[in-house]
Amino acid sequence: MIELVLGGVRSGKSRYAESVVKQLPAPWIYLATGQAWDAEMQERIVRHQADRGEGWRTVEEPLELADALVAAGDAPVLVDCLTLWLTNLLMAERDISVAKKRLLDALSDRKALTVLVGNEVGLGIVPENALARRFRDEAGWLHQAIAAQARKVVLSVAGVPCVIKDTSGAAKD
Amino acid sequence: MIELVLGGVRSGKSRYAESVVKQLPAPWIYLATGQAWDAEMQERIVRHQADRGEGWRTVEEPLELADALVAAGDAPVLVDCLTLWLTNLLMAERDISVAKKRLLDALSDRKALTVLVGNEVGLGIVPENALARRFRDEAGWLHQAIAAQARKVVLSVAGVPCVIKDTSGAAKD
Amino acid sequence: MIELVLGGVRSGKSRYAESVVKQLPAPWIYLATGQAWDAEMQERIVRHQADRGEGWRTVEEPLELADALVAAGDAPVLVDCLTLWLTNLLMAERDISVAKKRLLDALSDRKALTVLVGNEVGLGIVPENALARRFRDEAGWLHQAIAAQARKVVLSVAGVPCVIKDTSGAAKD
């Protein structure tokens, strides 16, 4: 059972994703892909942890997302976020196709709920930086692949969750 | 009664917001937050004024938005736009939290319609410029706070107003 | 009969647009506005052609889009994409208003289906580059003008086609 939550920066996507996971009984696993590259990032991580409150177990995994999902077993998992994971893969010069295939396999093997958060970054002007262009491409393809497999896809806009795909009424998967 | 109209650049959001205000009897107050920093900006302001036509009273207020809303009394107000107001606050090194709190209080105190226009700027690649990153964050948080209080939230795309929140049927506020 | 398909980069907009055209009997005309400025672009063009498969006739037209639509006669046409066409017009220093007027006239004169793909580029931070700012403005105005004339407007997000305007039930045009 996969739910993909997309949105721009500060669109309320993480808070909404947390509320979805918290509809199930605790404990919940918060699978953090972020790495504290600098003080700004460190501050965001600490603030987010404080905001989440009780009932969460935090697992930090910048690269091996598929392994972490297998290790999570039957617990509901919140992956926050795909965008940082993709950044980490690109920085580490990993093969994106291979990592993506492994993620999609791990997701379809899970029985428990997995909610994945992703930053929508493809709606601005083409960046001059070639790596930024590649990143936009990879992020778009990754979101498409997960959305195709997801039961539900939500676009968060100004804190309003807009459901853009929902097959949960049709057939539970 | 609050309506928030978001959208990208040239997405038809101001024109839609004007049409909402004009469903009520004139006079309407056009609360302009823009300041003519350069010729490009000056040209936009003049073009927008000409496009609006009769029935509007223009009030220019780059910073004290809450005071201007109180001064507007019972008239329907169009705030155009939140994005420029936030830019002005950042440029003037004002305390954003304080200004935001005062705006939200003024909005909830109003009986008359307030339609607020905001630029959605958070759906592109992370900007390299730190001030631009801070601006995106503040804009996102501001839009979320107003959307939470709003009766209606609209995302304008290519001139098509997409209603993403509407509680007007549930209870008039 | 006009359908406008908008979306960010790698949002699945071209694939969706192709599926719409392919609901009608072949042959279909693929009206490519892209020019291979560099190796990256050339690679994208070749990949897209291979992905499309049988039944398509490719017409390359970087500038005279209106003429190409007239020449297409009664065949269903996919215009991919408006964004590259606008880029080409700006590069060639053409009069955008004149070109846009001719496109809109050609579109309204067609009896056959025309599906047009456009990149939504106006939802990021204001670019520092003046040409990029002008491009965003022109793209937004162009999308609005076509959306106003279109029977159907779709925003593609992560491969999910979100219908934001559909007047096909009301009256066939």
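Model, not experiment: these values are computed from the prediction.

Rules and cut-offs
Residues numbered from 1 in each chain as written. Chains lettered and ligands numbered in written order. Predicted model: local features only at pLDDT ≥ 70, side-chain atom pairs only at ≥ 80, totals over all residues. Heavy atoms only, no water. Helix = DSSP H or I, 4+ residues; strand = E, 2+ residues; numbered from the N terminus. Rg over C-alpha atoms; globule rule 2.2 N^0.38 Å. Buried < 20%, exposed > 50% of the residue type's maximum accessible area, 1.4 Å probe, protein only. Areas by Shrake-Rupley, 256 points an atom, 1.4 Å probe, with all protein chains shown as cover. Lys, Arg positive; Asp, Glu negative; His and termini not counted. Charge placed at Lys NZ, Arg CZ, Asp CG, Glu CD. Pairing = 2+ DSSP bridges. Right-handed = clockwise from strand over helix to strand, strands pointing away. Contact = heavy atoms within 4.5 Å. Buried area = accessible area lost by both parts, 1.4 Å probe. Salt bridge = Lys/Arg side-chain N within 4 Å of Asp/Glu carboxyl O. Polar contact = N/O pair within 3.5 Å; in protein donor to acceptor, adjacent residues only side chain to side chain. Nonpolar A, V, L, I, M, F, W, Y, C, P; charged D, E, K, R; others polar. Least-squares fit on C-alpha atoms with pLDDT ≥ 70 in both. Axes fitted to C-alpha atoms, helices over the stretch in contact; angles between N-to-C directions. UniProt positions renumbered as here; feature names shortened; annotations may be inferred. Core = buried A, V, L, I, M, F, W, Y, C linked by side-chain atoms within 4.5 Å.

### Examining the overall build of chain A
Phase 1: On a plain count of helices and strands, chain A comes out with six helices and seven strands.
Phase 2: Walking chain A from its N terminus toward its C terminus, one meets helices and strands in the order β-α-β-α-β-α-β-α-α-β-α-β-β.
Phase 3: Its C-alpha atoms give chain A a radius of gyration of 15 Å, near enough to 16 Å, the size a compact globule of 173 residues would have.
Phase 4: Taking the principal axes of its C-alpha atoms as reference, chain A extends roughly 45 × 35 × 35 Å.
Phase 5: Within chain A, the proportion of its 173 residues that are buried is 57%.
Phase 6: Approximately 7,700 Å² of chain A is accessible, and the part contributed by carbon and sulfur atoms is 54%.
Phase 7: Taking the average location of the 21 positive side-chain charges in chain A and that of its 23 negative ones, the two points are 4 Å from each other.

### Examining the pairing of strand β3 (residues 56-60) of chain C
All names here are of chain C.
Phase 1: Alignment of strand β2 (residues 28-32) against β3, held across five bridges, turns out to be parallel. Pairing of L31 across the sheet is with V59, part of β3.
Phase 2: For the crossover from β2 across helix α2 (residues 39-52) to β3, the handedness is right-handed.

### Regarding the interface of chain C and chain A
Phase 1: The interface of chain C with chain A comprises 25 residues on the first partner and 18 residues on the second.
Phase 2: Between chain C and chain A, a total of about 1,600 Å² is buried, with carbon and sulfur atoms accounting for 63% of that surface.
Phase 3: Contact with chain A buries area across many residues of chain C, yet V9, R10 and A158 of chain C alone supply 36% of it, more than any other trio.
Phase 4: Counting the contacts that link chain C with chain A gives one salt bridge.
Phase 5: Between D137 of chain A and R10 of chain C there is a salt bridge, with the nearest N and O atoms lying 3.0 Å from each other.
Phase 6: For the pair chain C and chain A, the interface holds seven residue pairs in polar contact (both at pLDDT 80 or more).
Phase 7: Elements supplying a minimum of two residues to the side of chain C that touches chain A: α2, α6 (130-149) and β7 (160-166) of chain C.
Phase 8: Taken together, the residues of the side of chain C that touches chain A break down into 10 nonpolar, eight polar and seven charged.

### Description of the relation of the copies chain C and chain B
Phase 1: For these two chains of identical sequence, chain C goes onto chain B by a turn of 120° and a shift of 0.0 Å along the axis, with RMSD 0.0 Å. What the rotation and shift describe, once combined, is the action of a three-fold rotation axis. The position closest to the rotation axis in chain C is occupied by the C-alpha of G124 of chain C, lying 2.5 Å away.

### Brief notes about the relation of the copies chain C and chain A
Phase 1: Rotating chain C by 120° about the axis while translating it 0.0 Å along that axis superimposes it on chain A, leaving an RMSD of 0.0 Å.
Phase 2: A distinct binding surface is used by each copy, with only 20% of the interface residues of chain C retained as interface residues in chain A.

### Section: the sheet that holds strand β6 (residues 152-157) of chain B
Residue and element names in this part refer to chain B.
Phase 1: One open sheet accounts for seven strands, arranged β3-β2-β4-β5-β1-β6-β7; its pairing is mixed. In this open sheet, the two strands that pair with only one neighbour each are β3 (56-60) and β7 (160-166). Ignoring strand direction, the axes of neighbouring strands in this sheet form an average angle of 20°.
Phase 2: As paired strands, strand β1 (residues 2-7) and strand β5 (residues 114-119) are joined by six bridges and run parallel to one another. The residue of β5 that forms the bridge with V5 is V117.

### Digging into the UniProt feature "active site" (unreviewed entry) in chain A
Phase 1: Per the UniProt record, "active site" (unreviewed entry) is annotated on H48 of chain A.
Phase 2: With respect to the helices and strands, H48 of chain A occurs in helix α2 (residues 39-52).

### Side note on the side chain of S11 of chain B
Phase 1: Looking at the element boundaries, S11 of chain B is found in the loop between β1 and α1 (13-21).
Phase 2: Among the polar contacts listed, one links the side chain of S11 of chain B to the backbone oxygen of G8 of chain B, at a separation of 2.7 Å.
Phase 3: Residues in contact with S11 of chain B, not counting those within four places in the same chain, are S156, V157, A158 and G159 of chain B together with Q144 of chain C.

### Description of the nonpolar core
Phase 1: Within the largest apolar cluster, 117 residues are counted, with the highest numbers of intra-cluster contacts made by I146 of chain A, I146 of chain B together with I146 of chain C.
Phase 2: If we ignore the near neighbours within four places in the chain, the residues touching I146 of chain A are I2, L4, L82, L103, L104, L107 and L116 of chain A.

### Focus on the environment of I29 of chain A
Residue and element names in this part refer to chain A.
Phase 1: Here I29 shows up in strand β2 (residues 28-32).
Phase 2: You can call I29 buried: its relative accessible area is 4%.
Phase 3: Here I29 is in contact with W56, R57, V59, A72, A75, P76, V77 and L78, once residues within four sequence places are set aside.

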